[in-house]
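Given next are the chains, with one letter for each unit.
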Amino acid sequence: MIRVPEEPVGRLSGAWRACVGTGRLDLALRRDYQDSLALLQRDIGFRHLRGHGLLSDGMGVHRPYEWQGARRTHHSFTYLDQVLDALLATGIRPFLELGFMPREMASGTQTVFWWEGNVTPPADEKEWTRLVRAVLTHLIDRYGLDEVRTWPVEVWNEPDLPPFWKDADEAAYHRLYEATAHTVKEVDAELAVGGPALSPAADGWLERFAEFAERRDVPVDFVSRHAYASGPAQNVPFGTHQTLAPASTLLDQFAQPRQALAGTRLAGLPVHITEFNSSYRPDNLIHDTAFHAAYLAPVVAAGGDHADSFSYWTFSDVFEETGIPTALFHGGFGLLTHRQIRKPTYHLYAFLARMGEERLARGDGHLVTRHPDGRITVLAWAPVDPTGQTPGPDRHTLRLSLPARGGELFVRRSSVDEERGNAYTAWRHMGSPRSPRPGQLDILHEASEPARSHTRLPVEDGRVDLTLTLARHEVTLVELTPVDDETPPWWDERRLLGGETA
């Protein structure tokens, strides 16, 4: 029996909901995307959204033209306004990632992804900084300075990887960052600019970025990197298999920036993990499973110890980096499939959104919080074996002694596991239809609902004993609320259903 103390040991960090990822930003023009985002915000409520392609050709911001024998540039904000209006209408703000390079401004032709984002430096640095200045100035004019100051500005994405930055040219990235950061500050000194948005494989880049920033006196308001825990991709048609490291590997990656920057000018700056997930592939079916929710539960519960935000990559399977998905369940990054079917990891986040602000306990397999009105919430998860070599225990028991008020508590439990709250399992039983018919979609939405149960527990000497038996790969939320019993004194439950009337 684990005895949970009466007094809080701290606050529940909000880092887990500070940001979430998305496919390229022009996808926000689609109805399915907007419907998914509205559902996400209703159930979870993330604060910021980060995605690629803000300046790519799909957004149509950079529009060069010829007039009177001279090359000129028009900056068009038609799609940018529609995208940001759609985000803000759901209560989520952008985390601005400046990239990729407009084709007509690029120094080369190298692209990344199916949608061909250009990843070469600008042919003319001044034209790039004019674009950055024009975009930020427009945003301030449209949304107000106080609002835009709450939108972090990140310079590029994973420049340490050749697919994202030509030849992974570190010196060229430093030049781009320096010119961009100074431009941001010229627009408004209180805009927060940072980077370098490194991949997990970036060896020494962050330390050298700190040296460069100090040597050149370059503005840096936050540092960013990414975290993934999967091994090399083993490709099959329209899919990928990968090994996974233990989930603690992700927490180690979250902690790396502060360790690397200790003693530098950048020590103490906010750390944003602007992408994280188990696998870095958008076609790995691990993302769709109950295992995935249980695997990530300890990361989401403790990640705030190491970073100011850690952004789940991504909120929706409306995502096309490797092409248009070929099936409803295809291993996409999303918390939601197309058509808003919730995955088990979606429920992990939705459960966290119902937890309290006071943290009473956190340990192997559990997190306990309290709301201001006295409600106690317990998030619990079954242990997982990341190697997949053993099936893991079919049952896992957790026993807690919780502080409580009143005489009895109403207990509400919501759970997802291999069978419950798991549309992926239902889809597999259906025969894995690539394009489910309307009736099948209804079944899958129904299957995505968490299992729910209710009971009462007695409070004795200011405490209540809670025993939870978790199924394989289960994540469960238990909410305990003091009972204010208004049952009339003449009511006798024994007289229902043909009981005695005398």
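The rules behind the values
Residues numbered from 1 in each chain as written. Predicted model: local features only at pLDDT ≥ 70, side-chain atom pairs only at ≥ 80, totals over all residues. Heavy atoms only, no water. Phe/Tyr/Trp six-rings, centres within 6.5 Å; stacked < 30°, edge-to-face > 60°. Helix = DSSP H or I, 4+ residues; strand = E, 2+ residues; numbered from the N terminus. Buried < 20%, exposed > 50% of the residue type's maximum accessible area, 1.4 Å probe, protein only. Pairing = 2+ DSSP bridges. Contact = heavy atoms within 4.5 Å. Axes fitted to C-alpha atoms, helices over the stretch in contact; angles between N-to-C directions. Patch = residues over 30% accessible without salt bridge, like charges linked within 9 Å, V, L, I, M, F, W, Y side chains within 5 Å. Areas by Shrake-Rupley, 256 points an atom, 1.4 Å probe, with all protein chains shown as cover. Salt bridge = Lys/Arg side-chain N within 4 Å of Asp/Glu carboxyl O. Expected span 1.5 Å × (residues − 1). Polar contact = N/O pair within 3.5 Å; in protein donor to acceptor, adjacent residues only side chain to side chain. Core = buried A, V, L, I, M, F, W, Y, C linked by side-chain atoms within 4.5 Å. Parallel < 35°, antiparallel > 145°, perpendicular 65-115°, else oblique. Left-handed = near helix turned anticlockwise from the far one by under 90°. Nonpolar A, V, L, I, M, F, W, Y, C, P; charged D, E, K, R; others polar.

> Just checking my understanding: could you explain the packing of aromatic side chains for this structure?
Each aromatic ring pair is summarised here by two numbers: the centre-to-centre distance and the angle between the ring planes. Applying the stated criterion to the full structure yields 30 aromatic pairs. An angle of 70 degrees between the planes, with centres 5.4 Å apart, marks the rings of F100 and W156 as edge-to-face. Residue F100 is located in the loop between β8 (96–98) and β9 (111–112), and its partner W156 is located in the loop between β11 (153–155) and α5 (170–187); the two are separated by 56 residues in the primary sequence. Judged on exposure class, the residue F100 and its partner W156 are both buried. Note on F276 and Y312: the rings are 5.8 Å apart at their centroids and 85 degrees apart in plane angle, and the pair reads as edge-to-face. One end of the pair, F276, is in strand β16 (residues 271–277); the other, Y312, is in strand β17 (residues 309–312), and 36 residues separate them in sequence. In this structure, F276 and Y312 share a single accessibility class: buried.

> Just checking my understanding: could you explain the pairing of β16 for this structure?
Judged by how many residues are buried, β16 sits mostly within the fold: 7 of 7 residues are covered. Direction of pairing for strand β13 (residues 222–228) relative to β16: parallel, over a ladder of 6 bridges. Paired with Y228 across the strands is N277, a residue of β16. Sheet topology places β16 next to β17; 3 bridges connect them, and they run parallel. Of the residues in β17, the one forming a bridge with F276 is Y312.

> Is there a simple way to think about the sheet that holds strand β20 (residues 376–381) in this case?
Here we have 7 strands laid out as an open sheet, ordered β2-β18-β19-β20-β25-β22-β23, and antiparallel in their pairing. Taken across any chain shown, the strands that pair with only one partner, and hence form the sheet edges, are β2 (10–11) and β23 (451–458). By the bridge criterion, 8 bridges tie strand β22 (residues 408–416) to β23 in an arrangement that is antiparallel. The partner of E408 across the bridge, within β23, is P458. Contacting β18 (358–363), β19 (366–370), β20 and β25 (475–482), helix α8 (residues 290–302) crosses the sheet at an angle of about 135 degrees to β20.

> Just checking my understanding: could you explain a nonpolar patch on the surface for this structure?
Residues W490, W491, L496 and L497 make up a contiguous nonpolar surface patch of roughly 590 Å² in combined accessible area. Note that L497 resides in the segment after β25.

> Before we go on, may I ask you to explain the sheet that holds strand β1 (residues 2–3) in this structure?
Picture the strands of a sheet paired through backbone hydrogen bonds; they go either parallel or antiparallel. Spatially, the 3 strands line up as an open sheet ordered β1-β21-β24, and their pairing is mixed. Of all strands in the sheet, those with a lone pairing partner are β1 and β24 (463–471), marking the two edges.

> How should I be thinking about α5 in this particular structure?
Because an α-helix packs 3.6 residues into every turn, residues spaced three or four apart end up facing the same way. Between its first and last C-alpha, α5 extends 26 Å over 18 residues, near the 26 Å set by a 1.5 Å rise per residue. Summarising the contacts, the buried residues of α5 are in contact with β8, α3 (125–143), β11, β12 (193–198) and α6 (205–216). Backbone nitrogen of A171 and a side-chain oxygen of the N-cap are separated by 3.2 Å at the start of α5; the cap is D169.

> Quick question: what am I supposed to make of the side chain of S316 here?
Take S316: it is sitting in the loop between β17 and α9 (344–352). Discounting residues that sit within four places of it in the chain, S316 has contacts with S36, G334, L335 and L336.

> Explanation requested: the pattern of salt bridges in the structure shown.
As a working rule, side chains carrying opposite charge can pair if their charged atoms are close by. Per the stated rule, a full pass over the model turns up 40 salt bridges. E127 is the salt-bridge partner of R71, the closest N and O atoms lying 2.8 Å from each other. Here R71, found in strand β6 (residues 70–75), pairs with E127, found in helix α3; they are 56 residues apart in sequence, far enough to count as distant. Taking the relative accessible area as the measure of exposure, R71 reaches 41% and is therefore partly exposed. Here E127 falls in the buried class, since its relative accessible area comes to 8%. With a shortest N-O distance of 2.6 Å, R354 and E479 are connected by a salt bridge. One end of the pair, R354, is in the loop between α9 and β18; the other, E479, is in strand β25, with 125 residues separating them in the sequence. In this structure E479 comes out as buried when scored by relative accessible area, which is 10%.

> For this particular structure, what's the right way to read the nonpolar core?
Core analysis: the biggest nonpolar cluster contains 112 residues, and W128, L139, W156, Y177 and F276 have the highest contact counts within it. Here this core gets 10 residues from one element, more than from any other, and that element is α8. Residues within four places of L139 in sequence aside, it is in contact with L80, L84, L96, G144, V148 and W151. V378, A380, L402 and V459 belong to the second largest nonpolar core, which has 22 residues in total.

> Quick question: what am I supposed to make of the packing of α6 against helix α7 (residues 248–261) here?
Two quantities define a packed helix pair, namely the angle between the helix axes and the distance between the axes. Between α6 and α7, whose axes approach to 9 Å, the crossing angle comes to 45 degrees. Put simply, α6 runs oblique to α7. Regarding α6 and α7, the two cross each other, and that crossing is right-handed. Along its contact with α6, which presents L206, E207 and A210, the element α7 presents Q256, P257, A260 and L261. A breakdown of the residues in the contact of α6 with α7 according to their chemical character gives 5 nonpolar, 1 polar and 1 charged.

> Is there a simple way to think about the environment of T425 in this case?
Structurally, T425 is set in helix α10 (residues 423–430). Sequence separation between T425 and D288 is 137 residues, and the spatial gap between their C-alpha atoms is 9.3 Å. For T425, the residues in contact, after removing those within four places along its chain, are E418 and E419.

> Even after reading the chapter, I still don't get the packing of α10 against helix α11 (residues 438–447), so can you show me in this structure?
At a minimum axis separation of 8 Å, α10 and α11 run at an interaxial angle of 145 degrees. In the packing of α10 onto α11, the handedness of the crossing is right-handed. Facing A423, A426, W427 and M430 of α10, the residues of α11 in contact are Q440, I443, L444 and A447. For the contact of α10 with α11, a count of residues per class yields 7 nonpolar, 1 polar and no charged.

> I tried to follow the environment of Y65 on my own but got confused; where do I start?
Inspection of the secondary structure puts Y65 in strand β5 (residues 62–67). In this structure Y65 touches A70, R71, R72, T73 and H74, once residues within four positions along its chain are discounted.

Interpretation in functional terms is not warranted from these geometric data alone.
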